[in-house]
Amino acid sequence: MWRRFKPKAVAVPGRTLPEGMRLKSIKSVEGSTRFAEIVKSLPSSDDRDIEADRLQAQLLAQTPRAVLAQQQMDAHKHGYHHREKRLYELIDFNDTFVNLVLATHYHYLPGFAERLKHEMTRYCRRLKTPMFSDEQYDAIVRGLGREIAVYRSASYKGFDVRMTSRTDDAFGIDMIITQPSTQKVLNIDCKTPSAFRHRLEDLAHHGRIRDEDITLADEQGFITVMHRRDNDTVPVTLLCILPDRLGEIHNFTFDEPERLEEMLNSIFATVH
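Residues numbered from 1 in each chain as written. Predicted model: local features only at pLDDT ≥ 70, side-chain atom pairs only at ≥ 80, totals over all residues. Heavy atoms only, no water.

### Some words on the overall build of the chain
Per the secondary structure count, the chain includes 9 helices and 9 strands. A total of 272 residues make up the chain; the buried ones form 45% of that total. In the chain, of all internal contacts separated by at least 6 residues, the share reaching a separation of at least 24 is 58%. (Helix = DSSP H or I, 4+ residues; strand = E, 2+ residues; numbered from the N terminus. Buried < 20%, exposed > 50% of the residue type's maximum accessible area, 1.4 Å probe, protein only. Contact = heavy atoms within 4.5 Å.)

### Description of unusual backbone geometry
Here the phi dihedral of Lys128 falls at roughly 55°; this positive angle occurs in a residue that is not glycine. If you trace the backbone, Lys128 turns up in the loop between α4 (112-126) and α5 (134-156). Given the relative accessible area of 78%, Lys128 is considered exposed.

### A word on the pairing of strand β3 (residues 160-163)
Each regular strand shows side chains that alternate between the opposite faces of the sheet. Only one face of β3 is buried: it carries Val161 and Met163, and the other face, with Asp160 and Arg162, is open. Note: β3 against strand β4 (residues 175-179), 4 bridges, orientation antiparallel. Residue Asp160 lies in a different strand from β4, and its bridge partner there is Thr178. (Pairing = 2+ DSSP bridges.)

### Describing the pattern of salt bridges
Counted by the stated rule, this structure contains 11 salt bridges. The salt bridge partner of Glu261 is Lys157, with a shortest N-O separation of 3.8 Å. Residue Glu261 is found in helix α9 (residues 257-268), and its partner Lys157 is found in the loop between α5 and β3; the two are separated by 104 residues along the sequence. A salt bridge links Asp218 to Arg197; its shortest N-O distance comes to 2.3 Å. With Asp218 in helix α7 (residues 211-220) and Arg197 in helix α6 (residues 193-205), this pair connects stretches of sequence that are 21 residues apart. Judged by relative accessible area, which is 34%, Asp218 ranks as partly exposed. (Salt bridge = Lys/Arg side-chain N within 4 Å of Asp/Glu carboxyl O.)

### Focus on helix α1 (residues 29-41)
Along its 13 residues, α1 runs 19 Å from first to last C-alpha, staying within 8% of the 18 Å computed at 1.5 Å per residue. Of all the residues in α1, the buried ones are Val29, Gly31, Ser32, Phe35, Ala36, Ile38 and Val39. (Expected span 1.5 Å × (residues − 1).)

### Re the nonpolar core
Judged by nonpolar contacts, the single largest core of 61 residues is most densely connected at Phe97, Tyr137, Met175, Ile177 and Phe252. Take this core: its biggest share by element is 10 residues, from helix α2 (residues 48-75). Counting residues in each nonpolar core, the second largest holds 15 residues, with Ile173, Ile214, Ala217 and Val234 among its members. (Core = buried A, V, L, I, M, F, W, Y, C linked by side-chain atoms within 4.5 Å.)

### Looking at the sheet that holds strand β7 (residues 232-240)
Paired through backbone hydrogen bonds, the strands of a sheet run either parallel or antiparallel to each other. The strand order β3-β4-β5-β7-β6 describes an open sheet built from 5 strands, whose pairing is mixed. A single partner strand is all that each edge strand has here, and the edge strands are β3 and β6 (222-229). Put simply, the sheet's adjacent strands are angled 35° from each other on average, direction ignored. Strand direction decides the pairing type here: β4 and strand β5 (residues 184-191), joined by 5 bridges, are antiparallel. (Axes fitted to C-alpha atoms, helices over the stretch in contact; angles between N-to-C directions.)

### Concerning the confidence of the model for the chain
Confidence in the prediction for the chain averages 88 pLDDT; 88% of positions are at 70 or higher. Across the chain, element-level confidence peaks in α9 with a mean pLDDT of 98 and bottoms out in strand β1 (residues 9-12) with 36. This stretch, residues 1-16, has a pLDDT under 50; its non-local contacts, to residues over four places away or in other chains, come to 29 contacts. (pLDDT = per-residue confidence, 0-100.)

### Structural notes on the packing of α5 against α9
Remark: α5 packs on α9, axes separated minimally by 9 Å, with the N-to-C direction vectors making an angle of 85°. By the angle between their axes, α5 is roughly perpendicular relative to α9. Here α5 contributes Ala149, Val150, Ser153, Ala154 and Tyr156 to the contact with α9, which in turn contributes Pro257, Leu260 and Leu264. Class assignment for the residues of the contact of α5 with α9 results in 7 nonpolar, 1 polar and no charged. (Parallel < 35°, antiparallel > 145°, perpendicular 65-115°, else oblique. Nonpolar A, V, L, I, M, F, W, Y, C, P; charged D, E, K, R; others polar.)

### Comments concerning the environment of Asp255
With respect to the element layout, Asp255 can be found in the loop between β9 (253-254) and α9. Looking at Asp255, the relative accessible area reads 42%, which means it is partly exposed. C-alpha of Asp255 to C-alpha of Ser153: the two residues are 102 residues apart in sequence and 9.1 Å apart in space. Excluding residues within four positions of it along the chain, Asp255 makes contact with Glu248, Ile249 and His250.

Below, the structure written as structure tokens:
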């Protein structure tokens, strides 16, 4: 039975999990989903290598269900009965992906996405279930890679950074960045240039910003707006991840992290 695993930890090649837990024992998508939930419930480890092993096992076990969820989302772009559940499965998968990359030592990151894709493909093939298409996987890596690059580069430059969980629906906030010298705080929502522009137009359409605010945001590469829910009001900074302004990203890190540092300090200067 799934819950009769002993708490004693043993080292498994490429995985460090409680004794008796093996990815190779999984026979179905349903079993993989149950396995992922059990691994998710395990306490995180202070040992970075052990934690990376746990998260990789969790991510691989989540992959079959996430692939099926992505296929259903793509096939029903205008909504369907179980859309919210499928969306949650993708969000949970994305959270695990981000946590895994952040737990992985930098010298393992070159080629990491390709190696992970190979592992996912082998696992899905063994379960006889579909794998992400090349386009779907590349979109996941590119999208999450921007957020990870902001986190890693901001941390490298001495800012205090904390990722939020997408499953908490935290006002659309990807991460919270604190400037140590002032203790000022930014709630950051990372956007691609197209998503940034779309969000600006949506805010203007609903009367939350003016046309001149759009012009200024385009020039600066960010805008801070107040998000309200019930009785809560939170300032959220939309940050446009534009290569022309912040540089290129390789191995989930900006090639020139000082450009992000300059951008963040300019945003903090607007916080009073």
